[in-house]
Amino acid sequence: VPAASWRRGHVRNMARRYVCVLALAAVLLLVFATVSRSKGLRGREHQQTSRIPSQFSKEERVAMKEKLKGAIQIPTVSFSQEEYNTSALAEFGEYIRKVFPTVFSTSFIQHETVGNYSHLFTVQGSDASLQPYMLLAHFDVVPAPTEGWEVPPFSGLEREGFIHGRGTLDNKNSVMAILHALELLLIRNYIPRRSFFISLGHDEEVSGMNGAQKISALLQARGVQLAFIVDEGSFILDGFLPNSKKPFAMISVSEKGAINLRLQVNMTPGHSAAPPKETSIGIIAAAVSRLEQTPMPNMFGSGPLETAVQQLASEFPFPVNIVLSNLWLFGPLVSRLMERNYIMNALVRTTMALTMFNAGVKVNVIPPVAQATINLRIHPAQTVQEVLEFVKNVVADDRVQFHVLNAFDPLPISPFDDQALGYQLLRQTIQSVFPEVSIVTPGICISNTDSRHFTNLTTDIYRFNPVNLHPESFKSIHGINEKISVQGYETQMKFIFEFIQNADTDEQPVPHLHEL
Ligand SMILES: CCCCCCCC/C=C\CCCCCCCC(=O)N[C@@H](CC(C)C)C(=O)O
Ligand SMILES: [Zn+2]
Ligand SMILES: [Zn+2]
């Protein structure tokens, strides 16, 4: 064969081989990419690098609200630590598996059931150098007797742009928004850089000892330490400030302590036709009346709340803005004004609520036992012991016995300075998703949350749900006619969709210029 012709044939053969090799390499790379995603093996070359926009189709938005309605319809009611609706809790577990299939089938997400009904998701990020965080929520709810409700409390009915039902604010909205945001991110091929946990409790309303507390112990046993936690416990507060129409975000960086205290009087029963001067009921009633007439000291004076008041000063006209900016001088006046409002009052002092009263066996029998149970929420400047001393001094009656059912001190104050990653990520996401909110303040959660079980895993615990709350909506929490607007729920999901991506940063938070 002439040399030139041989060379042409040889070159053609070589070219064919190169094309085959390249094609084979492309197929192998495609197979590897598919396998690596399904097997959870990820190098940075598989890391999606561009941000996923938080825009959702009409179908996706309809699915969001329909899935929340379905969750509300499952009556996951907690009555006490010993009594809760186990079949509903199990049904809820099946429900989230059904409506969030991608979350439950993605290989870099591990799901575990803890304490029989709580759920722990471990979402493995691609960058192990980034410390993980946790999103916390709970799906059990307090009871909801039907009377007084505009629609049945477990109907999940949508009316005039609102989804009605027990748990729409406390706290199934968060459970469903977190899982839905993750589902939509995964469908859009999102792979997190920073690992995170999702802890969904089944008994938050009755202490969290079988749910969150066990999840915390499990993670501690695994040596997990968290960069921060985000839980329920505050909102975007809208209409809480007199003379101010602007909403502001309060991130609770601490939460009050609590005491559940039972007062009891025992007395020899007898015929009511010959009664003693005072019966056990009368003695207990006089004692709790003295307690109600003697509020705990007003503790307004230092801490996150004062920072919040000073940051809010600019929202007020002259001369109120001057007063709020100079608490060193006007603090006593401001504290007196705050305690006039029942919600503000809960921020400035330890509160006491008489919530249960049990006494009497028959109308013509002197009652052998009378019991009053009071729920105290302890201001961060006080302790359990101080409050118990105060209560005993006010009751001042040796016939009254005191039984502490359970008690815990106020939680430590989480950092909220410019270097506090969790706080700054929340602030950054709030200002991105809620551009109308110009002020983000620290605060104190006046109630309690499951996050108190995680102080062994992090010092940075933030209680905040990205939902607009009005004073009348606050009353519906544990009250009647609890509801969330469809738009509000969509925005909560959007917030989480963005927050998860914002948390992928390995940057230190950008110093935040406080308003002057
Ligand atoms: C200028 C400042 C205005 C401040 C207004 C503050 C408004 C209060 C906002 C939110 C507080 C409610 C948070 C809802 C979460 C309730 C969680 C709950 O119910 N936890 C139980 C747990 C308990 C251990 C059973 C509780 O009873 O606290
Ligand atoms: Zn709650
Ligand atoms: Zn609650």
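Reference entry: report on the structure contained in this document. These numbers were taken from a predicted model, which means no experiment stands behind them.

About the criteria used
- Residues numbered from 1 in each chain as written.
- Chains lettered and ligands numbered in written order.
- Predicted model: local features only at pLDDT ≥ 70, side-chain atom pairs only at ≥ 80, totals over all residues.
- Heavy atoms only, no water.
- Helix = DSSP H or I, 4+ residues; strand = E, 2+ residues; numbered from the N terminus.
- Buried < 20%, exposed > 50% of the residue type's maximum accessible area, 1.4 Å probe, protein only.
- Contact = heavy atoms within 4.5 Å.
- Areas by Shrake-Rupley, 256 points an atom, 1.4 Å probe, with all protein chains shown as cover.
- 1 Å grid on protein atoms, 1.4 Å probe; cavity = no way out; pocket = protein on both sides within 12 Å on 5 of 7 lines; lining within 4 Å.
- Points joined across faces, edges and corners; volume = space filled by probe spheres on them.
- Nonpolar A, V, L, I, M, F, W, Y, C, P; charged D, E, K, R; others polar.
- Pairing = 2+ DSSP bridges.
- Axes fitted to C-alpha atoms, helices over the stretch in contact; angles between N-to-C directions.
- Near = heavy atom within 4 Å.
- Polar contact = N/O pair within 3.5 Å; in protein donor to acceptor, adjacent residues only side chain to side chain.

1. Brief notes about the overall build of the chain
Okay, so step 1: Secondary structure assignment for the chain yields 15 helices and 17 strands.
Okay, so step 2: Sorting the 516 residues of the chain into buried and exposed places 52% on the buried side.
Okay, so step 3: Counted over contacts in the chain with a minimum sequence separation of 6, partners at least 24 positions apart contribute 81%.
Okay, so step 4: If you sum the accessible surface of the chain, you get close to 23,700 Å²; carbon and sulfur atoms cover 58% of it.

2. Topic: empty space enclosed by the protein
Okay, so step 1: Counted under the stated rule, the structure contains three cavities of 30 Å³ or more.
Okay, so step 2: Volume-wise, the largest cavity comes out at about 120 Å³.
Okay, so step 3: What lines the largest cavity is a set of 15 residues, among which Leu135, Ile178, Val230, Phe464 and Ile496 lie closest to the centre.
Okay, so step 4: Those elements that place two or more of their residues in the lining of the largest cavity are strand E3 (133-138), helix H5 (172-187), strand E7 (229-231) and helix H15 (486-502).
Okay, so step 5: Top element by residues in the lining of the largest cavity is H15. It accounts for four residues.
Okay, so step 6: A class-by-class count of the residues in the lining of the largest cavity yields ten nonpolar, three polar and two charged.

3. Brief notes about the sheet that holds strand E5 (residues 162-164)
Okay, so step 1: The strand order E4-E5-E17 describes an open sheet built from three strands, whose pairing is antiparallel. Whereas interior strands pair on both sides, the edge strands pair on one side only; in this sheet they are strand E4 (158-159) and strand E17 (483-485).
Okay, so step 2: Summarising the sheet, E5 and E17 pair through three bridges and their orientation is antiparallel. Bridge pairing in E17 places His164 opposite Lys483.
Okay, so step 3: Against the sheet, helix H2 (residues 58-72) contacts E4, E5 and E17, and its axis sits at roughly 20° relative to E5.

4. A short note on the site of ligand 1
Okay, so step 1: In the vicinity of ligand 1, 19 residues are found, and the nearest of them are Glu204, Glu205, Arg377, Asn448 and His478.
Okay, so step 2: At 2.9 Å, a side-chain N or O of His478 approaches an oxygen atom of ligand 1.
Okay, so step 3: Listing elements by their share of the shell around ligand 1, those giving two or more residues are strand E9 (248-255) and helix H11 (342-348).

5. Quick notes on unusual backbone geometry
Okay, so step 1: Cis peptide bonds are those with omega within 30 degrees of zero, and the linkage from Asp170 to Asn171 qualifies with 5°.
Okay, so step 2: Checked against the element boundaries, Asn171 lands in the loop between E5 and H5.
Okay, so step 3: A cis geometry characterises the amide bond from Phe318 onward to Pro319, with omega recorded as 5°.
Okay, so step 4: Relative to the helices and strands, Pro319 is located in the loop between helix H8 (304-312) and helix H9 (320-325).
Okay, so step 5: If you check the backbone angles, Asn189 has positive phi at about 65° while not being a glycine.
Okay, so step 6: Among the structural elements, Asn189 can be located in the loop between H5 and strand E6 (196-201).
Okay, so step 7: Residue classification places Asn189 among the partly exposed positions, given a relative accessible area of 47%.
Okay, so step 8: Phi angles above zero are rare outside glycine, and Ser207 is one such case at about 105°.
Okay, so step 9: Given the relative accessible area of 16%, Ser207 is considered buried.

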